[in-house]
Amino acid sequence: MATWELRCKECEAAYPAEARYVCEHCFGPLEISYDFSGLDPAEARRKIQAGSPGIWRYADFLPFDGRPRDPLEPGLTPLVRADRLADRLGIGELWIKNDAANPTHSFKDRVVAVALAKARELGFETVACASTGNLANAVAAHAAAAGLDSYVFVPADLEEQKLLATGVYGTRLIGVRGTYDDVNRLCTELCETRPWAFVNVNLRPYYSQGSKTLAFETVEQLGWSLPDRVVCPIASGSLFTKVARGFDEWIDLGLVEGELPTFNGAQAAGCSPVATAFGEGWEVCKPQRPETIAKSLAIGNPADGVYALELARSTGGSIDAVSDDEIRDGIRLLAETTGIFTETAGGVTTAALAKLADRGEIDPAERVVVYITGEGLKTLDATREGFRMHEIEPTLEAFEGELEPALTR
Ligand SMILES: *Cc1c(COP(=O)(O)O)cnc(C)c1O
Ligand SMILES: [Zn+2]
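Residues numbered from 1 in each chain as written. Chains lettered and ligands numbered in written order. Predicted model: local features only at pLDDT ≥ 70, side-chain atom pairs only at ≥ 80, totals over all residues. Heavy atoms only, no water.

A.B. asks: I tried to follow the overall build of the protein on my own but got confused; where do I start?
C.D. replies: For the protein, the helix and strand inventory stands at 14 helices and 13 strands. By the compact-globule yardstick of 22 Å for 409 residues, the protein fits well, its C-alpha radius of gyration being 21 Å. For the protein, the spread of C-alpha atoms along the principal axes amounts to about 75 × 50 × 45 Å. Relative to its 409 residues, the protein shows a buried fraction of 56%. Long-range pairs, those at least 24 residues apart, make up 68% of the contacts in the protein between residues at least 6 apart in sequence. For the protein, the computed accessible surface area is about 17300 Å², with 48% contributed by carbon and sulfur atoms. Counting 40 positive and 61 negative side-chain charges, the protein places the centres of these two groups 3 Å from one another. (Helix = DSSP H or I, 4+ residues; strand = E, 2+ residues; numbered from the N terminus. Rg over C-alpha atoms; globule rule 2.2 N^0.38 Å. Buried < 20%, exposed > 50% of the residue type's maximum accessible area, 1.4 Å probe, protein only. Contact = heavy atoms within 4.5 Å. Areas by Shrake-Rupley, 256 points an atom, 1.4 Å probe, with all protein chains shown as cover. Lys, Arg positive; Asp, Glu negative; His and termini not counted. Charge placed at Lys NZ, Arg CZ, Asp CG, Glu CD.)

Have a look at this one:
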């Protein structure tokens, strides 16, 4: 069993394991630091394989002293070989990790499951979040399953599908007139005066740990080996950096052999503070005002932006930005070659993959894993213009007359 504590990422000051997220000394972010010295890799691997079919099989690598009770366990989503997409792009070995196959159809179920388990352990009765959409769905659903009260704050102009897939769980849904960054600022203020567990504010150090499970599953599903390259979307940069942390922990422990993969990040051009900083060679990200169809990635002032920059640079990767048209094309390309229908964030990721392939940056001998983080049914507007339905009378003549020749032409 590993032990863990809450520490400042910058100055390493230690804190009691409470709902807190900023260092009092240097204002750096707090994160979980583990001591795995008591862990035997062979035993750890046996325990994982005998564990539950979801993220709690990795409980020894999460900030709990046992396996939490979780009525809506996410994880163990499919990792599928994508040969048709690989052929289209001239890539040797390509895998899609389809995280739309989670209880509320995005990767956010992972982070919320961890944050809510911690909220219950710490005795909170009310949970809350500032969301770009998918987090709202996940917090509302997991709170309902756990019997906790919840408040969900979103930008009021969110996709209708995401609002409906939140309200249905009986949460208190608050649409804020402003950007996600405005919503986040409001929630940071509320956090000071309400006894609530904001999953991505005061519980952020725990929340972010959930993303490591995507790396653990990738290793397990690749037969306990590593990819050479990963392509992953970036909003706040938490997912991107914590996937790397997951690989790192298992490499350090000897659970898998090899090196950290090359990390390629993906952003929408209409909200690309990290991609812009990468391209310009800046150390920090300059905040932007989002204007893109990829609303789930629309964070103009990303909390983990600097760490995402560091990771892309230190692994020889990059961070790309793609236009809204490229996002729509990315959604269609993935659907037509893999049968997987993703939301705009997955369109961003697929379009960034296509860019890398176009630039000849992917060696044909590489094994590439692409993280598809959300479901296409949640952003239907992005596919509306992509095809048309052929409407006919219910007769053979109507089909065989003008239509069929036109269709097969
Ligand atoms: C939230 C989200 C991400 C990434 O979020 P980070 O803030 O970078 O961790 C990626 N894809 C989808 C669909 C999301 O909802
Ligand atoms: Zn500090």
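A.B. asks: What am I meant to see in the site of ligand 1 here?
C.D. replies: Near ligand 1 there are 15 residues, and of these Lys108, Asn134, Ser236, Leu239 and Thr373 occur at the shortest range. In this structure, a nitrogen atom belonging to ligand 1 sits 2.7 Å away from a side-chain N or O atom of Thr373. Against a free-state accessible area of 380 Å², the protein chains account for coverage of 98% of ligand 1. By residue class, the composition of the shell around ligand 1 is seven nonpolar, six polar and two charged. (Near = heavy atom within 4 Å. Polar contact = N/O pair within 3.5 Å; in protein donor to acceptor, adjacent residues only side chain to side chain. Nonpolar A, V, L, I, M, F, W, Y, C, P; charged D, E, K, R; others polar.)

A.B. asks: Which parts of the structure should I look at to understand the coordination of the zinc ion (ligand 2)?
C.D. replies: Think of it this way: four donors in a tetrahedron around the metal ideally sit 109.5 degrees apart, and six in an octahedron ideally sit 90 or 180 degrees apart. Within the first shell, the zinc ion (ligand 2) binds the protein through Cys8 (SG), Cys11 (SG), Cys23 (SG) and Cys26 (SG), at distances of 2.3 Å. Each of the four donor atoms bound to the zinc ion (ligand 2) contributes to angles spanning 98 to 119°, and the resulting shape is tetrahedral. Spacing between the donor residues of the zinc ion (ligand 2) along their common chain follows C-x2-C-x11-C-x2-C. For Cys23, a relative accessible area of 1% translates into the label buried. (Donors = N, O, S within 2.8 Å, 3.2 Å for Na, K, Ca; no water. Tetrahedral: all angles 85-135°; square planar, octahedral: opposite > 155°, others 65-115°.)

A.B. asks: In this structure, what is going on with a nonpolar patch on the surface? I would like to understand it.
C.D. replies: Taken together, the side chains of Ile392, Phe399 and Leu407 present a nonpolar region at the surface, about 240 Å² in accessible area. The partly exposed category is assigned to Leu407, whose relative accessible area is 43%. (Patch = residues over 30% accessible without salt bridge, like charges linked within 9 Å, V, L, I, M, F, W, Y side chains within 5 Å. Salt bridge = Lys/Arg side-chain N within 4 Å of Asp/Glu carboxyl O.)

A.B. asks: Looking at this model, I keep getting lost on the pairing of strand β10 (residues 229-233). Mind explaining?
C.D. replies: With five of five residues buried, β10 is to be regarded as a mostly interior element. Here β10 shows a buried face lined by Arg229, Val231 and Pro233 and a second buried face lined by Val230 and Cys232. As judged from the five bridges shared by β10 and strand β11 (residues 262-268), these two strands associate in the parallel manner. Bridge assignment links Val230 to a residue of β11, and that residue is Phe263. Chirality of the crossover, the property in question, places the unit of β10, helix α9 (residues 238-253) and β11 among those that are right-handed. Note that β10 and strand β13 (residues 367-372) share three bridges and pair parallel. Bridging from a neighbouring strand, Val230 pairs with Val369 of β13. (Pairing = 2+ DSSP bridges. Right-handed = clockwise from strand over helix to strand, strands pointing away.)

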